[in-house]
Amino acid sequence: MPRVYVSSVIDAPAERVWAEIRDFNALPRWVPAVAESRIEGNAPGDQVGCVRAFTLKDGGALREKLLALSDFDYAVSYSILESPMGVSNYVATLRLAPVTDGERCFAEWTAEFECEPARAEDLVERIGRGVFQPAFDELKKKFGRR
Amino acid sequence: MVEIVRSTVLDAPLEAVWQLLRDFATAVPIPVADAVGALEGGKDAASVGASRIAGPWRERLIELDERNHSLRTCLVDSPLPLYGYVARQQLRRITDGEGTFWQWRASFATDPYREADLVARVADEVIAAGFATIRARVARTRASSSLPSVSRVARASAPVARREEGPIETSLVMVSRHGGPEVLENAQANVLPPGPGQVRVRQTAIGLNYIDVYCRTGAYPLLTPPGTPGMEAAGQVIDVGDGVVGFLPGDRVVYAAPPVGAYAGVRNVTADSLVIIPDGIDDETAAAAMLKGLSAEYLLNRVHRVRAGDRVLVHSAAGGVGLLLCQWAKKLGAVVLGTVSTPDKARLAREHGCDYPIISRGTDFLKPVQDATKGKGCDVVYDGIGRASFLESFEALAPLGHLVSYGQASGALAPFDPAILSRKSASLSRPVLFHYTANPETLRAMAANLFAAIGEGLRASPRQRYKLSDAARAHRDLEGRRTVGASVLVP
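Residues numbered from 1 in each chain as written. Chains lettered and ligands numbered in written order. Predicted model: local features only at pLDDT ≥ 70, side-chain atom pairs only at ≥ 80, totals over all residues.

Participant: Any chance you could break down the overall build of chain B for me, citing the residues and the numbers?
Facilitator: Scanning chain B from terminus to terminus reveals twelve helices and 22 strands. Classification of the 491 residues of chain B by burial places 49% in the buried group. Across chain B, contacts joining residues at least 24 apart in sequence account for 63% of those joining residues at least 6 apart. (Helix = DSSP H or I, 4+ residues; strand = E, 2+ residues; numbered from the N terminus. Buried ≥ 20, exposed ≤ 12 C-beta atoms within 10 Å, placed from the backbone. Contact = placed C-beta atoms within 7 Å.)

Next up, the structure:
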């Protein structure tokens, strides 16, 4: 099963970064690839089970379901319901962990999915380098030291 | 149950940190006192179920996950009330750089009134100290890509075989026949480039030991004339031979091992007998402390594990090894008794932690021992005297006691009937240091314990300094009992 793993260290306490990203509807604020987003059925963005429908700047449209949200572990898991990427059983987890010897946190984003074997490498690259890493770069910019 | 979570970021690839961390015995310090523990009972490093021991601490590896880069340990023995202590360590790769995220979770139960104190101690003295240790090792490994105490990392790197071309001339001391101090002659010689497995060392301090006298007189068959005496020295690496990894030119190193030949400005030494000297310990202290300090280390931690409250009898308590045994046993919480020959030496022993100095000539100490222990006897007796004191040392033992006969200044032990041991269920050991230090991993663990103890105040610096060319005078002073504590020769 193809697996994406991207991680980084952000120069802000985990609770501040978490406040920025925990809202399941907040992707346009910090994921550069995302153009706009809404939660279906007008549900709140922290209701486990809710579905976000969002569009990418390249025009693609996706629907993702919130599977787990932990304010204790600073972790969010979600699955893809529909996407133009040709993946199935896609589950991703984004998690923060405090770095206790400084005002920093460690962020990691993993995704696992199934696809045609020939496309796996390209998809891992596109998701990791094209979506997750730019999002971390955006957070690092937002919370970067002045 | 309290849980402590601490984490840090290291500027090194996950693989490098994991190699250090998974090396259970040598990686992260056991809590508080000792920088590095010793592995127990022949288990390999990184084998699940292995225990490491440092002083009164015993920690067991109960989970190791190579895929997840995590491990879990528990404390089996601890001098602190850390009940059900389990710690989990987890490494994570930082993919947008070269770093590694390291998280350490420890949980334990304790008495409520001690909780805050113990949480702070575990956080600072265990976890923060562990982070600092590995951070320093990672920095070292990356700076030199060689680290002798972590063989796996060292061996994974390419051998470093830089050579000074050609022989180097040096002054040295030669013995052309066995005899008195006058047979120690100053000479010049060329030291060839190091052979395979060897390191050429420019020595800055040479330890003076009584064994050097035995080598000179021929009492020990370690030196066949013509030859150069000396078992112990510190200095700087000049160059290394084929197959040597873990040492670079300029590294400060120390050794205490046969073969003889240390009385020289430059010499070749087997890499396996060398240990890197940590910052904060000078060459002279390292040279003076290595042989005697490793002796104290293995006698107190390996041959017998001295625990708090043990009654320990040290013969020749004001001697080189004796003063270290007294200090270190005291630090471990033992009640220390010691025999010495004069009131001055009694004072010196007392200053070094001996609770009950007993003035005797290696005999007639039984009654004072019985008096001091209220008739109970001693849990362990460290006897370097040998033949003259053997039976009385045995009598001084408590039931289940351990007689450790580690030297024979008065002659080899006379034949005796092992059945006498059954009178007390006593144990007898006749250990030899070099059997313990023959394994480089063990040697480096022992040296790390010694250096940590020196860092915590174990007094091991030399009290006399001689020029190497004055070796004959140094021997006269040593044999004439005019030296106190350790001495070094300086090339």
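Participant: Describe in detail helix 4 (residues 210-217) of chain B, supporting the description with residues and values.
Facilitator: Residue and element names in this part refer to chain B. Here helix 4 has its buried residues at I211, D212, C215 and R216. In an axial view of helix 4, the angular spread of the buried residues amounts to 145°, which keeps them on one side of the axis. At its buried positions, helix 4 is contacted by strand 8 (168-175), strand 9 (184-191), strand 10 (198-208) and helix 12 (471-479). Taken from the residues just after helix 4, G218 is the one with a positive phi, measuring 90°. (Arc of directions from axis to C-beta.)

Participant: Explain the nonpolar core to me, and be specific about the residues and the numbers.
Facilitator: Within the largest apolar cluster, 106 residues are counted, with the highest numbers of intra-cluster contacts made by B:V253, B:Y255, B:A287, B:V312, B:L325 and B:A329. Counting residues per element, this core draws most heavily on helix 5 (residues 283-303) of chain B, which supplies twelve residues. The residue makeup of this core includes at least three contributed by each of domain 2 (168-290 + 466-490) and domain 3 (308-429) of chain B. Setting aside its immediate chain neighbours within four residues, B:A287 contacts B:A205, B:I206, B:G207, B:E232, B:A233, B:A234, B:V254 and B:V488. Counting 62 residues, the second largest nonpolar core, distinct from the first, contains A:V99, B:V9, B:W104 and B:I134. (Core = buried A, V, L, I, M, F, W, Y, C linked by C-beta atoms within 7 Å. Domains from an automatic or database assignment.)

Participant: Lay out the pairing of strand 19 (residues 397-405) of chain B with the relevant residues and their values.
Facilitator: Residues and elements named next belong to chain B. Where strand 18 (residues 378-383) meets strand 19, five bridges bridge the pair, whose relative direction is parallel. The partner of D383 across the bridge, within strand 19, is S405. Handedness of the crossover joining strand 18 and strand 19 through helix 9 (residues 390-395): right-handed. Looking at chain direction, strand 19 and strand 20 (residues 427-429) are connected through three bridges and run parallel. Residue pairing across strands places V404 opposite S429, the latter belonging to strand 20. (Pairing = 2+ DSSP bridges. Right-handed = clockwise from strand over helix to strand, strands pointing away.)

Participant: I'd like a description of helix 7 (residues 343-351) of chain B, backed by residues and values.
Facilitator: Residue and element names in this part refer to chain B. Listing the buried residues of helix 7 in full gives K345, A346, L348 and A349. Viewed along the axis of helix 7, the buried residues span an arc of 165°, placing them on a single side of the element. Summarising the geometry of helix 7, the exposed residues directed more than 90 degrees from the buried face are P343 and D344. In this structure, the buried residues of helix 7 make contact with helix 6 (320-331), strand 16 (335-340) and strand 17 (356-359).

Participant: Which residues make up the environment of A:T93, and what are the values?
Facilitator: Residues and elements named next belong to chain A. Within the secondary structure, T93 is located in strand 6 (residues 88-99). You can call T93 partly exposed: it has 16 C-beta atoms within 10 Å. Residues T93 and Y5, 88 residues apart in the sequence, show an inter-C-alpha distance of 9.8 Å. With sequence-adjacent residues up to four places away left out, T93 is seen in contact with A75, S77 and T110.

Participant: Quick rundown of the interface of chain A and chain B? Include the residues and the values.
Facilitator: Quite often, the size of an interface is put as the accessible area lost when its parts meet. Facing 14 residues of chain A, the contacting portion of chain B comprises 13 residues. Those elements giving two or more residues to the side of chain A that touches chain B turn out to be strand 1 (3-10), strand 6, strand 7 (104-114) and helix 3 (120-142) of chain A. Ranked by residues supplied to the side of chain A that touches chain B, first place goes to strand 1 of chain A with five residues. Of the residues assigned to the side of chain A that touches chain B, the class counts are eight nonpolar, four polar and two charged. (Nonpolar A, V, L, I, M, F, W, Y, C, P; charged D, E, K, R; others polar.)

Participant: Report on the sheet that holds strand 5 (residues 75-82) of chain A, specifying residues and quantitative values.
Facilitator: Residue and element names in this part refer to chain A. Taken together, seven strands build an open sheet; the order of strands is 1-7-6-5-4-3-2 and the sheet is antiparallel. In this open sheet, the two edge strands, each paired with only one partner strand, are strand 1 and strand 2 (34-39). Taken over all neighbouring pairs, the strand axes of this sheet differ in orientation by 20° on average, direction set aside. With seven bridges connecting them, strand 4 (residues 61-70) and strand 5 associate as antiparallel partners. Paired with K65 across the bridge in strand 5 is S79. In the packing of helix 1 (residues 14-21) onto the sheet, contacts are made with strand 1, strand 6 and strand 7, and the angle to strand 6 comes to roughly 145°. Relative to strand 1, helix 3 is tilted by about 15°, and along the sheet it contacts strand 1 and strand 7. (Axes fitted to C-alpha atoms, helices over the stretch in contact; angles between N-to-C directions.)

Participant: Explain unusual backbone geometry to me, using residue names and the numbers behind them.
Facilitator: Residues and elements named next belong to chain B. The omega torsion across P225 and P226 is -5°, close enough to zero to call that bond cis. Relative to the helices and strands, P226 resides in the loop between helix 4 and strand 11 (232-240). For the peptide bond that leads from P258 to P259, omega is 0°, which places it in the cis range. Phi at S316 takes a positive value of approximately 50°, unusual for a residue other than glycine. Despite not being glycine, K374 shows a phi value in the positive range, around 55°. When you line up the elements, K374 lands in the loop between helix 8 (366-372) and strand 18.

Don't take any of this as a statement about function, it's just geometry.
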